[in-house]
Structure formats: C-alpha cells, structure tokens
Amino acid sequence: MECGCGGALIEGKSCYSVSRGNFYLLLEDIPAFQCTRCGRVLFTEETVERIKKIENRLERDASEVATGKPSVHLYDY
Ligand SMILES: [Zn+2]
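Rules used in this analysis
Residues numbered from 1 in each chain as written. Predicted model: local features only at pLDDT ≥ 70, side-chain atom pairs only at ≥ 80, totals over all residues. Helix = DSSP H or I, 4+ residues; strand = E, 2+ residues; numbered from the N terminus. Contact = placed C-beta atoms within 7 Å. Buried ≥ 20, exposed ≤ 12 C-beta atoms within 10 Å, placed from the backbone. Pairing = 2+ DSSP bridges.

Caption draft 1: Spotlight on the overall build of the protein. Scanning the protein for helices and strands turns up one helix and four strands. Long-range pairs, those at least 24 residues apart, make up 59% of the contacts in the protein with a sequence separation of at least 6.

Structure representation (structure tokens):
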C-alpha cells in the first residue's frame, strides 16, 4: 500500500466520523496508515469494508427508529 503522493506510510491509529441525515457515527482507534510526506490518513480495504458494514447497519436501525432527532453512536473499532 502506498500514498498517492509516493510518500512512505507509517502504521498507527486514527478515528473516523460520518454524519448522515439521521445519525452521526464516530469510530475510534481504527488501525490506519499515515503518509509521512503529505499527512494523509489511509485505511486498508478490510477496514473500509468493516466501516461500511457498521454504517449500513446504523442507517437501517436509524431509519426504523425515526425519532426526529439524530442519534449518536460511538463504537470502539
Ligand atoms: Zn502522501
């Protein structure tokens, strides 16, 4: 794996947050790589897949509840 700028990547942890119409999701301590040249944070394909699954599940749950208030979810990855 390599950054688009060609810089070297170092392994570390990051967090990811996403805000949709009816929920806000914050994931902490996700394994991630950071580019030492441009500082961009990259996730592996496996991590991206996992985030997507959590998002999809929350989207389903949130639409069923429909309280009119956005729900906040905090997950430890
Ligand atoms: Zn870079």
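Caption draft 2: Molecular detail of unusual backbone geometry. In this model, Asp 29 sits at a positive phi of 55°, which is unusual for a non-glycine residue. Inspection of the secondary structure assignment puts Asp 29 in strand β2 (residues 23-35).

Caption draft 3: Seen up close, the pairing of strand β1 (residues 9-19). Little of β1 sits out of view: just zero of its eleven residues are buried. Bridge analysis of β1 against β2 gives ten bridges, and the strand direction is antiparallel. Residue Leu 9 lies in a different strand from β2, and its bridge partner there is Cys 35.

Caption draft 4: Quick look at the environment of Glu 59. In this structure, Glu 59 sits in helix α1 (residues 45-65). With 35 residues separating them in the primary sequence, Glu 59 and Tyr 24 have C-alpha atoms 9.7 Å apart.

Caption draft 5: Highlighting the environment of Gly 7. By the element assignment, Gly 7 lies in the segment before β1. Taking C-alpha positions, Gly 7 is 9.8 Å from Arg 40, a pair spaced 33 residues apart along the chain.

Caption draft 6: Focus on the pairing of β2. Count of turn residues in the β1/β2 antiparallel hairpin: three residues. Sheet topology places β2 next to strand β3 (residues 41-42); two bridges connect them, and they run antiparallel. Bridge pairing in β3 places Phe 33 opposite Leu 42.

Caption draft 7: Examining the environment of Asn 22 more closely. Within the secondary structure, Asn 22 sits in the loop between β1 and β2. On the basis of neighbour counts, which here come to 17 C-beta atoms within 10 Å, the residue Asn 22 falls in the partly exposed class. Considered as a pair, Asn 22 and Ser 63 are 41 residues apart in the sequence and their alpha carbons are 7.2 Å apart.

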